[in-house]
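# Tertiary structure, described
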Amino acid sequence: MRDYGRAGHGCVGGVSGLRHEAALIESRTGGLLGIREATGIRGMAMGMRRYSAFAIAREAARYHTGWERAWRSPQPKAEYDAIIVGAGGHGLATAYYLAKNHGITNVAVVEKGWLGGGNTGRNTTIIRSNYLQPSSMAVFEKSRSLYEDLSQQLNYNIMFSPRGVLMLAQTEHEKRAWERTWHANRIAGIESELVTPERIKEIVPIIETGGPRYPVLGGLWQPRGGTARHDAVAWGYARAASAMGVDIIQQCEVTGVDRDADGVTGIQTTKGAIRTKKLCIVVAGNSGVLADMAGFRLPVESVALQALVSEPIKPCMDCVVMANTVHGYMSQSDKGEMVIGGGADGFNNYTQRGSFQHIEETVRALIETFPMISRLKMLRQWGGIVDMTGDRSPIIGTTPVPGVFINCGWGTGGFKAIPGSGWATAEMVADGAPRALAAPFSLDRFTEGRMIDESVAAAVAH
Ligand SMILES: Cc1cc2nc3c(=O)[nH]c(=O)nc-3n(C[C@H](O)[C@H](O)[C@H](O)COP(=O)(O)OP(=O)(O)OC[C@H]3O[C@@H](n4cnc5c(N)ncnc54)[C@H](O)[C@@H]3O)c2cc1C
(Lines give C-alpha, C1' and ligand atoms only; values in the text may rest on other atoms or scores of the structure.)
Protein backbone atom coordinates (compact mmCIF):
# COMPACT_ATOMS: atom_id res chain seq x y z
CA MET A 1 0.00 0.00 0.00
CA ARG A 2 1.23 3.48 -0.72
CA ASP A 3 2.15 5.83 2.08
CA TYR A 4 -0.55 8.43 1.79
CA GLY A 5 0.93 10.64 4.47
CA ARG A 6 2.08 12.95 1.76
CA ALA A 7 -0.44 15.60 1.08
CA GLY A 8 -3.55 17.36 2.14
CA HIS A 9 -4.65 18.34 5.61
CA GLY A 10 -1.10 19.63 5.73
CA CYS A 11 0.25 16.13 5.95
CA VAL A 12 3.85 15.59 5.06
CA GLY A 13 4.90 16.65 1.62
CA GLY A 14 6.72 14.48 -0.89
CA VAL A 15 10.29 15.72 -1.04
CA SER A 16 12.23 18.25 0.89
CA GLY A 17 12.32 20.68 -2.01
CA LEU A 18 8.56 20.66 -2.14
CA ARG A 19 8.33 21.09 1.59
CA HIS A 20 10.68 24.01 1.47
CA GLU A 21 8.77 25.50 -1.41
CA ALA A 22 5.58 24.98 0.54
CA ALA A 23 7.08 26.85 3.45
CA LEU A 24 7.95 29.66 1.10
CA ILE A 25 4.46 29.72 -0.34
CA GLU A 26 3.05 29.69 3.17
CA SER A 27 5.20 32.65 4.03
CA ARG A 28 4.25 34.36 0.78
CA THR A 29 0.57 33.92 1.23
CA GLY A 30 0.24 35.22 4.65
CA GLY A 31 0.80 32.75 7.44
CA LEU A 32 2.07 35.84 8.99
CA LEU A 33 1.33 37.50 12.22
CA GLY A 34 2.88 39.37 15.02
CA ILE A 35 5.07 42.31 15.71
CA ARG A 36 8.80 42.45 16.04
CA GLU A 37 8.63 43.68 19.58
CA ALA A 38 6.42 40.77 20.57
CA THR A 39 8.63 38.17 18.93
CA GLY A 40 11.88 39.32 20.44
CA ILE A 41 13.50 37.45 17.57
CA ARG A 42 17.00 38.83 17.67
CA GLY A 43 17.90 36.98 14.51
CA MET A 44 15.74 39.28 12.44
CA ALA A 45 19.05 41.12 12.36
CA MET A 46 20.45 38.17 10.38
CA GLY A 47 18.44 39.21 7.34
CA MET A 48 15.10 37.57 8.08
CA ARG A 49 12.43 40.12 7.44
CA ARG A 50 9.39 40.31 9.68
CA TYR A 51 6.15 38.95 8.23
CA SER A 52 3.30 41.45 8.42
CA ALA A 53 0.29 42.68 6.51
CA PHE A 54 2.46 45.53 5.31
CA ALA A 55 5.05 43.05 3.96
CA ILE A 56 2.35 41.20 2.02
CA ALA A 57 1.11 44.45 0.51
CA ARG A 58 4.65 45.51 -0.35
CA GLU A 59 5.41 42.18 -2.03
CA ALA A 60 2.10 42.17 -3.87
CA ALA A 61 3.07 45.52 -5.37
CA ARG A 62 6.37 44.10 -6.64
CA TYR A 63 5.12 40.71 -7.81
CA HIS A 64 6.42 38.83 -4.76
CA THR A 65 10.03 39.08 -5.84
CA GLY A 66 11.37 40.19 -2.48
CA TRP A 67 10.64 37.25 -0.15
CA GLU A 68 13.69 35.53 1.24
CA ARG A 69 13.87 31.82 2.09
CA ALA A 70 12.09 30.90 5.28
CA TRP A 71 15.26 29.46 6.85
CA ARG A 72 18.91 29.10 5.91
CA SER A 73 20.33 25.79 4.66
CA PRO A 74 23.96 25.93 5.82
CA GLN A 75 26.66 23.29 5.59
CA PRO A 76 27.65 21.92 9.00
CA LYS A 77 30.43 23.70 10.90
CA ALA A 78 33.25 21.66 12.45
CA GLU A 79 31.94 22.19 15.99
CA TYR A 80 28.86 23.42 17.86
CA ASP A 81 28.13 24.21 21.51
CA ALA A 82 25.14 21.87 21.21
CA ILE A 83 23.77 19.53 18.56
CA ILE A 84 20.16 18.42 18.43
CA VAL A 85 19.40 15.29 16.42
CA GLY A 86 15.95 15.41 14.81
CA ALA A 87 14.21 18.40 13.25
CA GLY A 88 10.72 17.48 14.39
CA GLY A 89 8.71 19.89 16.49
CA HIS A 90 10.45 18.92 19.74
CA GLY A 91 13.98 19.30 18.33
CA LEU A 92 13.21 22.60 16.63
CA ALA A 93 11.43 24.01 19.68
CA THR A 94 14.42 23.00 21.83
CA ALA A 95 16.76 24.88 19.48
CA TYR A 96 14.47 27.90 19.44
CA TYR A 97 14.23 28.15 23.24
CA LEU A 98 17.98 27.49 23.64
CA ALA A 99 18.57 30.58 21.52
CA LYS A 100 15.70 32.70 22.79
CA ASN A 101 15.66 31.88 26.52
CA HIS A 102 19.31 31.02 27.11
CA GLY A 103 21.21 32.96 24.43
CA ILE A 104 22.86 29.76 23.14
CA THR A 105 22.90 30.12 19.35
CA ASN A 106 25.92 28.08 18.25
CA VAL A 107 23.56 25.15 17.82
CA ALA A 108 22.90 22.69 14.98
CA VAL A 109 19.71 20.72 14.38
CA VAL A 110 20.65 17.70 12.29
CA GLU A 111 17.87 16.00 10.34
CA LYS A 112 18.11 12.90 8.17
CA GLY A 113 15.14 13.84 5.99
CA TRP A 114 13.30 17.15 5.79
CA LEU A 115 12.29 19.19 8.80
CA GLY A 116 8.85 18.34 10.12
CA GLY A 117 8.77 15.16 7.99
CA GLY A 118 8.49 12.77 10.94
CA ASN A 119 5.55 12.48 13.30
CA THR A 120 5.29 16.24 13.56
CA GLY A 121 3.97 16.31 9.99
CA ARG A 122 1.88 13.16 10.36
CA ASN A 123 -0.28 13.69 13.41
CA THR A 124 -3.90 14.67 13.91
CA THR A 125 -2.92 17.88 15.75
CA ILE A 126 -4.96 17.50 18.93
CA ILE A 127 -3.92 19.85 21.72
CA ARG A 128 -5.16 19.47 25.28
CA SER A 129 -3.75 19.40 28.80
CA ASN A 130 -6.34 17.52 30.88
CA TYR A 131 -4.04 14.64 31.83
CA LEU A 132 -4.15 12.77 35.14
CA GLN A 133 -0.79 13.07 36.88
CA PRO A 134 0.52 16.41 38.26
CA SER A 135 3.80 16.31 36.34
CA SER A 136 2.02 15.56 33.07
CA MET A 137 -0.55 18.29 33.64
CA ALA A 138 2.29 20.74 34.33
CA VAL A 139 4.15 20.10 31.09
CA PHE A 140 1.05 19.79 28.89
CA GLU A 141 -0.55 22.93 30.33
CA LYS A 142 2.69 24.85 29.94
CA SER A 143 2.61 23.74 26.35
CA ARG A 144 -1.06 24.54 25.75
CA SER A 145 -0.61 28.01 27.20
CA LEU A 146 2.46 28.63 25.01
CA TYR A 147 0.37 27.61 22.00
CA GLU A 148 -2.10 30.40 22.78
CA ASP A 149 0.19 33.15 21.45
CA LEU A 150 2.79 31.09 19.60
CA SER A 151 1.87 32.70 16.27
CA GLN A 152 2.79 36.11 17.66
CA GLN A 153 5.92 34.79 19.39
CA LEU A 154 7.21 33.13 16.23
CA ASN A 155 5.85 35.75 13.80
CA TYR A 156 4.31 32.79 11.94
CA ASN A 157 0.67 31.78 11.79
CA ILE A 158 0.47 28.30 13.30
CA MET A 159 -3.34 28.42 13.06
CA PHE A 160 -3.93 27.54 16.72
CA SER A 161 -7.64 26.85 17.00
CA PRO A 162 -8.88 26.42 20.60
CA ARG A 163 -12.12 24.86 19.42
CA GLY A 164 -12.51 22.52 22.40
CA VAL A 165 -11.68 18.84 22.89
CA LEU A 166 -14.35 16.40 24.02
CA MET A 167 -13.40 12.98 25.38
CA LEU A 168 -16.42 10.68 25.40
CA ALA A 169 -17.29 8.28 28.20
CA GLN A 170 -18.92 5.22 26.63
CA THR A 171 -18.69 2.79 29.53
CA GLU A 172 -19.30 3.20 33.26
CA HIS A 173 -15.62 2.56 33.83
CA GLU A 174 -14.64 5.35 31.46
CA LYS A 175 -17.12 7.72 33.11
CA ARG A 176 -15.45 7.11 36.47
CA ALA A 177 -12.01 7.53 34.96
CA TRP A 178 -12.98 10.95 33.54
CA GLU A 179 -14.47 11.94 36.90
CA ARG A 180 -11.14 11.15 38.52
CA THR A 181 -9.25 13.09 35.86
CA TRP A 182 -11.62 16.02 36.25
CA HIS A 183 -10.94 16.17 40.00
CA ALA A 184 -7.19 16.02 39.34
CA ASN A 185 -7.53 18.81 36.76
CA ARG A 186 -9.43 21.00 39.21
CA ILE A 187 -6.77 20.54 41.87
CA ALA A 188 -4.13 21.55 39.33
CA GLY A 189 -6.15 24.54 38.15
CA ILE A 190 -6.63 23.14 34.65
CA GLU A 191 -9.83 24.15 32.93
CA SER A 192 -11.89 21.07 32.16
CA GLU A 193 -15.54 20.16 32.59
CA LEU A 194 -17.64 17.02 33.04
CA VAL A 195 -20.52 17.08 30.56
CA THR A 196 -23.79 15.16 30.24
CA PRO A 197 -25.02 13.41 27.07
CA GLU A 198 -27.52 16.25 26.55
CA ARG A 199 -24.73 18.86 26.69
CA ILE A 200 -22.65 16.72 24.35
CA LYS A 201 -25.47 16.70 21.81
CA GLU A 202 -25.51 20.51 22.00
CA ILE A 203 -21.75 20.71 21.46
CA VAL A 204 -21.70 18.11 18.67
CA PRO A 205 -25.11 17.88 16.97
CA ILE A 206 -23.95 15.17 14.53
CA ILE A 207 -23.21 12.69 17.33
CA GLU A 208 -25.41 9.65 18.03
CA THR A 209 -25.52 9.41 21.82
CA GLY A 210 -27.76 6.33 22.04
CA GLY A 211 -25.56 3.97 20.02
CA PRO A 212 -26.30 0.24 20.15
CA ARG A 213 -23.06 -1.04 21.66
CA TYR A 214 -21.59 1.99 23.36
CA PRO A 215 -24.07 4.77 24.20
CA VAL A 216 -22.50 8.08 25.18
CA LEU A 217 -22.79 8.34 28.98
CA GLY A 218 -20.95 11.63 29.42
CA GLY A 219 -17.63 13.20 28.66
CA LEU A 220 -14.70 15.36 29.69
CA TRP A 221 -14.60 18.69 27.87
CA GLN A 222 -11.63 21.02 27.65
CA PRO A 223 -12.93 24.21 26.07
CA ARG A 224 -9.50 25.70 25.29
CA GLY A 225 -8.03 22.53 23.87
CA GLY A 226 -8.05 22.30 20.11
CA THR A 227 -5.79 21.99 17.10
CA ALA A 228 -2.99 23.80 15.26
CA ARG A 229 -1.48 23.45 11.82
CA HIS A 230 1.26 20.87 12.44
CA ASP A 231 3.59 21.80 9.55
CA ALA A 232 3.35 25.45 10.50
CA VAL A 233 4.49 24.66 14.05
CA ALA A 234 7.66 23.05 12.65
CA TRP A 235 8.17 25.78 10.04
CA GLY A 236 7.56 28.58 12.54
CA TYR A 237 10.07 27.23 15.05
CA ALA A 238 12.56 26.50 12.25
CA ARG A 239 12.35 29.98 10.79
CA ALA A 240 12.62 31.71 14.16
CA ALA A 241 15.52 29.48 15.32
CA SER A 242 17.35 29.95 12.02
CA ALA A 243 16.86 33.69 12.32
CA MET A 244 18.65 33.62 15.67
CA GLY A 245 21.64 31.76 14.23
CA VAL A 246 20.73 28.08 14.70
CA ASP A 247 21.95 25.93 11.78
CA ILE A 248 19.27 23.52 10.54
CA ILE A 249 21.01 20.85 8.50
CA GLN A 250 18.59 18.69 6.51
CA GLN A 251 19.35 15.54 4.51
CA CYS A 252 22.05 14.75 7.07
CA GLU A 253 21.67 11.43 8.86
CA VAL A 254 23.47 10.77 12.12
CA THR A 255 25.23 7.44 11.74
CA GLY A 256 27.35 7.31 14.87
CA VAL A 257 28.05 8.98 18.22
CA ASP A 258 31.67 9.68 19.20
CA ARG A 259 32.67 9.51 22.84
CA ASP A 260 35.75 9.26 25.04
CA ALA A 261 36.15 8.45 28.73
CA ASP A 262 34.61 11.83 29.72
CA GLY A 263 31.50 11.58 27.57
CA VAL A 264 30.29 12.63 24.14
CA THR A 265 32.74 14.31 21.76
CA GLY A 266 30.71 14.53 18.56
CA ILE A 267 28.70 12.73 15.91
CA GLN A 268 29.29 11.01 12.59
CA THR A 269 26.89 12.02 9.84
CA THR A 270 26.37 11.55 6.13
CA LYS A 271 27.86 15.05 5.79
CA GLY A 272 30.93 14.24 7.89
CA ALA A 273 31.96 14.39 11.53
CA ILE A 274 30.82 17.26 13.77
CA ARG A 275 32.25 17.94 17.24
CA THR A 276 30.21 18.84 20.30
CA LYS A 277 30.18 18.39 24.06
CA LYS A 278 26.37 18.48 24.25
CA LEU A 279 24.19 16.16 22.21
CA CYS A 280 20.43 16.08 22.52
CA ILE A 281 18.63 13.15 20.88
CA VAL A 282 15.05 14.06 19.85
CA VAL A 283 14.12 11.49 17.21
CA ALA A 284 10.80 10.01 18.42
CA GLY A 285 10.38 6.52 16.88
CA ASN A 286 14.11 6.26 16.15
CA SER A 287 15.18 6.94 19.75
CA GLY A 288 16.23 3.34 20.41
CA VAL A 289 18.45 3.40 17.32
CA LEU A 290 20.22 6.61 18.35
CA ALA A 291 20.56 5.46 21.96
CA ASP A 292 22.19 2.31 20.68
CA MET A 293 24.71 4.43 18.74
CA ALA A 294 25.48 6.38 21.92
CA GLY A 295 25.85 3.18 23.95
CA PHE A 296 22.83 2.99 26.22
CA ARG A 297 19.38 1.40 26.15
CA LEU A 298 15.94 2.95 26.40
CA PRO A 299 12.67 1.46 27.71
CA VAL A 300 10.75 2.38 24.55
CA GLU A 301 9.05 0.45 21.78
CA SER A 302 8.48 1.80 18.28
CA VAL A 303 5.18 1.13 16.54
CA ALA A 304 3.28 2.61 13.62
CA LEU A 305 0.28 4.78 14.45
CA GLN A 306 -2.05 5.82 11.67
CA ALA A 307 -4.62 8.35 10.64
CA LEU A 308 -6.84 9.07 7.66
CA VAL A 309 -8.86 11.91 6.15
CA SER A 310 -12.12 12.00 4.25
CA GLU A 311 -13.11 14.05 1.25
CA PRO A 312 -13.89 17.66 2.23
CA ILE A 313 -17.45 18.45 3.26
CA LYS A 314 -19.27 21.53 4.56
CA PRO A 315 -18.56 22.51 8.18
CA CYS A 316 -20.37 20.05 10.45
CA MET A 317 -18.25 19.71 13.59
CA ASP A 318 -16.43 22.57 15.27
CA CYS A 319 -14.59 20.71 18.03
CA VAL A 320 -12.41 17.61 18.45
CA VAL A 321 -14.12 14.42 19.63
CA MET A 322 -12.22 11.46 21.05
CA ALA A 323 -13.97 8.13 21.53
CA ASN A 324 -11.45 6.04 23.42
CA THR A 325 -13.67 3.01 24.01
CA VAL A 326 -14.41 2.42 20.36
CA HIS A 327 -10.92 3.64 19.54
CA GLY A 328 -11.20 6.54 17.19
CA TYR A 329 -11.22 10.32 17.20
CA MET A 330 -12.22 12.97 14.75
CA SER A 331 -12.05 16.68 13.94
CA GLN A 332 -12.74 18.73 10.83
CA SER A 333 -9.91 20.56 9.12
CA ASP A 334 -10.27 24.07 7.78
CA LYS A 335 -10.45 22.55 4.31
CA GLY A 336 -13.48 20.51 5.37
CA GLU A 337 -11.88 17.07 5.54
CA MET A 338 -12.81 14.89 8.50
CA VAL A 339 -9.47 14.06 10.16
CA ILE A 340 -9.66 10.65 11.78
CA GLY A 341 -7.13 9.03 14.08
CA GLY A 342 -6.81 5.30 14.46
CA GLY A 343 -4.93 2.87 16.60
CA ALA A 344 -1.34 1.82 16.95
CA ASP A 345 -0.02 -1.43 15.52
CA GLY A 346 0.09 -4.34 17.93
CA PHE A 347 3.68 -5.18 16.98
CA ASN A 348 6.93 -3.21 16.89
CA ASN A 349 7.94 -1.81 13.50
CA TYR A 350 9.45 1.16 11.66
CA THR A 351 7.21 1.15 8.60
CA GLN A 352 5.75 4.72 8.67
CA ARG A 353 2.55 3.46 7.07
CA GLY A 354 -0.81 2.22 8.21
CA SER A 355 -2.68 -1.02 7.65
CA PHE A 356 -6.13 -1.89 6.28
CA GLN A 357 -7.09 -3.61 9.50
CA HIS A 358 -6.88 -0.34 11.47
CA ILE A 359 -8.75 1.65 8.85
CA GLU A 360 -11.56 -0.86 9.01
CA GLU A 361 -11.62 -0.96 12.82
CA THR A 362 -11.48 2.80 13.22
CA VAL A 363 -14.09 3.66 10.63
CA ARG A 364 -16.42 0.90 11.84
CA ALA A 365 -16.15 2.19 15.39
CA LEU A 366 -16.70 5.83 14.49
CA ILE A 367 -19.71 5.08 12.30
CA GLU A 368 -21.52 3.89 15.41
CA THR A 369 -20.99 7.26 17.04
CA PHE A 370 -21.23 9.38 13.88
CA PRO A 371 -23.58 7.54 11.49
CA MET A 372 -23.35 10.38 8.93
CA ILE A 373 -19.73 9.56 8.10
CA SER A 374 -20.80 6.21 6.62
CA ARG A 375 -21.47 8.06 3.34
CA LEU A 376 -18.04 9.71 3.19
CA LYS A 377 -15.20 8.67 0.92
CA MET A 378 -11.84 8.37 2.61
CA LEU A 379 -9.10 10.09 0.62
CA ARG A 380 -5.79 9.31 2.29
CA GLN A 381 -4.26 7.41 5.15
CA TRP A 382 -0.74 7.48 6.53
CA GLY A 383 1.35 6.37 9.48
CA GLY A 384 4.15 7.56 11.71
CA ILE A 385 6.51 5.70 14.05
CA VAL A 386 5.71 6.53 17.63
CA ASP A 387 7.90 5.77 20.63
CA MET A 388 5.96 4.24 23.50
CA THR A 389 7.12 3.93 27.11
CA GLY A 390 5.58 1.53 29.60
CA ASP A 391 3.86 4.26 31.63
CA ARG A 392 2.87 6.21 28.48
CA SER A 393 4.78 9.27 29.66
CA PRO A 394 7.78 10.88 27.94
CA ILE A 395 11.43 10.75 28.88
CA ILE A 396 13.26 14.07 29.20
CA GLY A 397 16.58 13.67 30.92
CA THR A 398 20.28 13.07 31.08
CA THR A 399 21.62 9.66 30.05
CA PRO A 400 24.38 7.32 31.21
CA VAL A 401 26.69 9.05 28.68
CA PRO A 402 27.85 12.44 30.01
CA GLY A 403 26.82 15.23 27.65
CA VAL A 404 24.09 13.19 25.95
CA PHE A 405 20.50 14.24 26.66
CA ILE A 406 17.33 12.51 25.57
CA ASN A 407 13.82 13.70 24.78
CA CYS A 408 11.54 10.87 23.61
CA GLY A 409 8.64 8.63 24.56
CA TRP A 410 5.89 11.09 23.60
CA GLY A 411 4.23 8.17 21.92
CA THR A 412 0.90 8.98 20.35
CA GLY A 413 0.43 12.34 22.06
CA GLY A 414 3.47 14.58 21.70
CA PHE A 415 2.33 17.18 19.17
CA LYS A 416 0.47 19.06 21.87
CA ALA A 417 3.62 19.05 24.00
CA ILE A 418 6.02 20.63 21.51
CA PRO A 419 6.30 24.12 23.03
CA GLY A 420 6.50 22.95 26.67
CA SER A 421 8.83 20.10 25.87
CA GLY A 422 11.13 22.39 23.87
CA TRP A 423 11.12 24.88 26.73
CA ALA A 424 12.00 22.23 29.35
CA THR A 425 14.58 20.47 27.17
CA ALA A 426 16.33 23.75 26.39
CA GLU A 427 16.60 24.41 30.14
CA MET A 428 18.16 20.99 30.61
CA VAL A 429 20.67 21.33 27.76
CA ALA A 430 21.62 24.85 28.88
CA ASP A 431 22.10 23.91 32.56
CA GLY A 432 23.34 20.34 32.08
CA ALA A 433 20.48 19.04 34.28
CA PRO A 434 16.67 19.22 34.11
CA ARG A 435 14.75 21.91 35.99
CA ALA A 436 11.36 21.39 37.67
CA LEU A 437 9.23 20.89 34.55
CA ALA A 438 11.35 18.06 33.14
CA ALA A 439 12.79 16.53 36.34
CA PRO A 440 9.99 13.96 36.96
CA PHE A 441 10.42 12.56 33.43
CA SER A 442 14.00 11.38 33.93
CA LEU A 443 15.21 8.09 32.51
CA ASP A 444 16.03 6.70 35.94
CA ARG A 445 12.34 6.72 36.96
CA PHE A 446 12.17 3.29 35.34
CA THR A 447 14.86 1.91 37.64
CA GLU A 448 13.61 3.79 40.71
CA GLY A 449 9.94 2.88 40.17
CA ARG A 450 8.68 6.48 39.91
CA MET A 451 6.23 5.79 37.07
CA ILE A 452 4.00 8.56 35.75
CA ASP A 453 1.07 6.42 34.76
CA GLU A 454 -0.88 8.04 31.95
CA SER A 455 -2.12 4.85 30.34
CA VAL A 456 -5.74 5.90 30.86
CA ALA A 457 -5.24 9.45 29.59
CA ALA A 458 -3.28 8.09 26.68
CA ALA A 459 -5.15 4.93 25.78
CA VAL A 460 -6.03 6.30 22.37
CA ALA A 461 -3.61 8.80 23.41
CA HIS A 462 -3.91 12.24 22.08
C1 LIG B 1 -0.90 9.24 13.09
C2 LIG B 1 -0.45 10.04 14.27
C3 LIG B 1 -1.36 10.85 14.95
C4 LIG B 1 -0.95 11.60 16.04
N5 LIG B 1 -1.86 12.45 16.62
C6 LIG B 1 -1.46 13.25 17.62
C7 LIG B 1 -2.37 14.22 18.16
O8 LIG B 1 -3.50 14.35 17.70
N9 LIG B 1 -1.94 15.00 19.18
C10 LIG B 1 -0.69 14.88 19.71
O11 LIG B 1 -0.40 15.59 20.66
N12 LIG B 1 0.20 14.00 19.19
C13 LIG B 1 -0.14 13.20 18.17
N14 LIG B 1 0.75 12.31 17.62
C15 LIG B 1 2.09 12.18 18.21
C16 LIG B 1 3.01 13.29 17.74
O17 LIG B 1 2.96 13.40 16.33
C18 LIG B 1 4.45 13.02 18.17
O19 LIG B 1 4.50 12.72 19.56
C20 LIG B 1 5.34 14.23 17.93
O21 LIG B 1 5.15 14.75 16.64
C22 LIG B 1 6.80 13.83 18.10
O23 LIG B 1 7.58 14.91 17.66
P24 LIG B 1 9.14 14.77 17.62
O25 LIG B 1 9.70 16.09 17.23
O26 LIG B 1 9.63 14.14 18.87
O27 LIG B 1 9.39 13.65 16.50
P28 LIG B 1 9.37 13.69 14.88
O29 LIG B 1 8.47 14.77 14.37
O30 LIG B 1 9.12 12.31 14.46
O31 LIG B 1 10.84 14.14 14.56
C32 LIG B 1 11.97 13.29 14.74
C33 LIG B 1 12.91 13.55 13.59
O34 LIG B 1 14.11 12.83 13.82
C35 LIG B 1 14.63 12.49 12.56
N36 LIG B 1 15.64 11.43 12.69
C37 LIG B 1 15.43 10.14 13.04
N38 LIG B 1 16.59 9.46 13.03
C39 LIG B 1 17.56 10.34 12.66
C40 LIG B 1 18.97 10.23 12.43
N41 LIG B 1 19.63 9.07 12.58
N42 LIG B 1 19.65 11.35 12.05
C43 LIG B 1 19.00 12.55 11.89
N44 LIG B 1 17.66 12.68 12.08
C45 LIG B 1 16.95 11.61 12.46
C46 LIG B 1 13.40 12.05 11.78
O47 LIG B 1 13.63 12.11 10.39
C48 LIG B 1 12.36 13.06 12.24
O49 LIG B 1 12.22 14.17 11.37
C50 LIG B 1 0.39 11.52 16.52
C51 LIG B 1 1.31 10.72 15.84
C52 LIG B 1 0.91 10.00 14.71
C53 LIG B 1 1.92 9.17 13.98
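Residues numbered from 1 in each chain as written. Predicted model: local features only at pLDDT ≥ 70, side-chain atom pairs only at ≥ 80, totals over all residues.

## Topic: the overall build of the protein
- Looking only at helices and strands, the protein has 13 helices and 19 strands in total.
- Here the protein holds 462 residues, and the buried ones make up 54% of them.
- Once local pairs closer than 6 in sequence are excluded, the contacts in the protein between residues at least 24 apart make up 76%. (Helix = DSSP H or I, 4+ residues; strand = E, 2+ residues; numbered from the N terminus. Buried ≥ 20, exposed ≤ 12 C-beta atoms within 10 Å, placed from the backbone. Contact = placed C-beta atoms within 7 Å.)

## Here we look at the environment of R49
- Tracing the sequence through the fold places R49 in the loop between α2 (36-39) and α3 (53-61).
- Note on R49: 16 C-beta atoms within 10 Å, which makes it partly exposed.
- As for R49 and A243, which are separated by 194 residues in sequence, their C-alpha atoms are 9.2 Å apart.
- R49 has contacts with A55 and E68, leaving out every residue within four places of it along the chain.

## Description of helix α10 (residues 287-294)
- By the burial criterion, the buried members of α10 are S287, L290, A291 and A294. End-on view of α10: buried residues confined to an arc of 100°, all on one side of the axis.
- Residues of α10 that are buried sit in contact with β1 (82-85), β9 (254-260), β12 (279-281), β13 (300-312), β17 (378-389) and β19 (404-408).
- Looking one or two residues beyond α10, the residue adopting positive phi is G295, at roughly 100°. (Arc of directions from axis to C-beta.)

## Side note on the pairing of β9
- For β9 and strand β10 (residues 263-269), the ladder comprises six bridges, and the chain directions are antiparallel. Counted as the bridge partner of D260 is G263 from β10.
- From the end of β9 to the start of β10, which pair antiparallel, there are two residues. (Pairing = 2+ DSSP bridges.)

## Topic: the site of the ligand
- In the neighbourhood of the ligand, 40 residues make up the surrounding shell, with G86, G88, G118, G384 and G414 lying closest.
- Secondary structure elements with two or more residues in the shell around the ligand: α4 (89-102), β13 and β17.
- Looking at the shell around the ligand residue by residue, the classes come out as 14 nonpolar, 21 polar and five charged. (Near = placed C-beta within 6 Å. Nonpolar A, V, L, I, M, F, W, Y, C, P; charged D, E, K, R; others polar.)

## Examining the sheet that holds strand β8 (residues 247-249)
- Pairing is mixed across the open sheet formed by six strands, whose spatial order is β8-β2-β1-β12-β19-β18. Among the strands making up the open sheet, the edge pair consists of β8 and β18 (395-398). Neighbour to neighbour, the strand axes of the sheet diverge by 15° on average, direction disregarded. (Axes fitted to C-alpha atoms, helices over the stretch in contact; angles between N-to-C directions.)

## A look at the pairing of β1
- The alternating pattern of β1 places A82 and I84 on one face and I83 and V85 on the opposite face, and all of these are buried.
- In terms of handedness, the path from β1 via α4 over to strand β2 (residues 107-110) forms a crossover that is right-handed.
- Two strands pair when backbone bridges link them, and β1 and β12 are joined in this way by three bridges, in the parallel orientation. Within β12, the residue paired with V85 across the bridge is I281. (Right-handed = clockwise from strand over helix to strand, strands pointing away.)

## Some details on the packing of α4 against helix α9 (residues 230-243)
- Packing of α4 against α9 leaves a shortest axis separation of 9 Å and a crossing angle of 30°. Between α4 and α9, the angle falls in the class roughly parallel. Crossing handedness for the pair α4 and α9: left-handed. In this structure, α4 contributes G89, L92, A93, A95, Y96 and A99 to the contact, and α9 contributes V233, A234, Y237, A238, A240 and A241. (Parallel < 35°, antiparallel > 145°, perpendicular 65-115°, else oblique. Left-handed = near helix turned anticlockwise from the far one by under 90°.)

## Some words on the nonpolar core
- Ranked by internal contacts, the top residues of the largest apolar core, which has 127 residues, are L92, L166 and A241.
- Of all the elements, α9 adds the most residues to this core, at nine residues.
- Composition of this core by domain shows at least three residues from each of domain 1 (16-142 + 229-299 + 391-448) and domain 2 (165-227 + 301-389).
- With sequence-adjacent residues up to four places away left out, L166 is seen in contact with I200, I203, V204, G219, W221, C319, V320, V321 and M322. (Core = buried A, V, L, I, M, F, W, Y, C linked by C-beta atoms within 7 Å. Domains from an automatic or database assignment.)

## So, the environment of S393
- Tracing the backbone through its elements, the reader meets S393 in the loop between β17 and β18.
- Of the residues examined, S393 has 26 C-beta atoms within 10 Å and is grouped as buried.
- It is 9.9 Å that separates the C-alpha atoms of S393 and Q133, two residues lying 260 residues apart in sequence.
- Setting aside chain neighbours within four positions, we find S393 in contact with S136, G409, F441, I452 and E454.

## A short note on α4
- In this model α4 runs 19 Å from its N-terminal to its C-terminal C-alpha over 14 residues, within 8% of the 20 Å that 1.5 Å per residue would give.
- Among the 14 residues in α4, twelve count as buried, and that is most of the element.
- Residues of α4 that are buried in the fold lie against β1, β2, α9, β12, β19 and α12 (418-431).
- One or two residues past the end of α4 sits G103, with phi positive at roughly 65°. (Expected span 1.5 Å × (residues − 1).)

## Some details on the sheet that holds β9
- Strand order in this open sheet of three strands is β9-β10-β11, and the pairing throughout is antiparallel. Edge positions in the sheet fall to β9 and β11 (272-275), since each has one partner strand and no second. The average undirected angle you get between the axes of adjacent strands in this sheet is 25°.

## Quick word on the packing of α4 against α12
- Close contact between α4 and α12 brings their axes to 7 Å; oriented N to C, the two are set at 55°. Of the possible angle classes, the one that applies to α4 and α12 is oblique. Judged by the sense of rotation from one axis to the other, the crossing of α4 with α12 is right-handed. Counted together, G89, H90, A93, T94, Y96, Y97, L98, N101 and H102 of α4 and I418, P419, S421, G422, W423, T425, A426, V429 and A430 of α12 form the full contact between these two elements.
- Here the contact of α4 with α12 is composed, by residue class, of ten nonpolar, eight polar and no charged.

## A few points about the confidence of the model for the protein
- Residues at a pLDDT of 70 or more form 88% of the protein, whose mean pLDDT is 89.
- Segment residues 1-45 is flagged for pLDDT under 50; beyond a separation of four residues in sequence, or across chains, it makes 96 contacts in the model. (pLDDT = per-residue confidence, 0-100.)

## A closer look at unusual backbone geometry
- With phi around 55°, M159 is a residue other than glycine that occupies positive phi space.
- By the secondary structure assignment, M159 is in the loop between α6 (150-154) and β4 (165-169).
- Even without being a glycine, R392 presents a positive backbone phi close to 60°.
- In this structure, R392 sits in the loop between β17 and β18.
- The class for R392 is buried, based on 23 C-beta atoms found within 10 Å.

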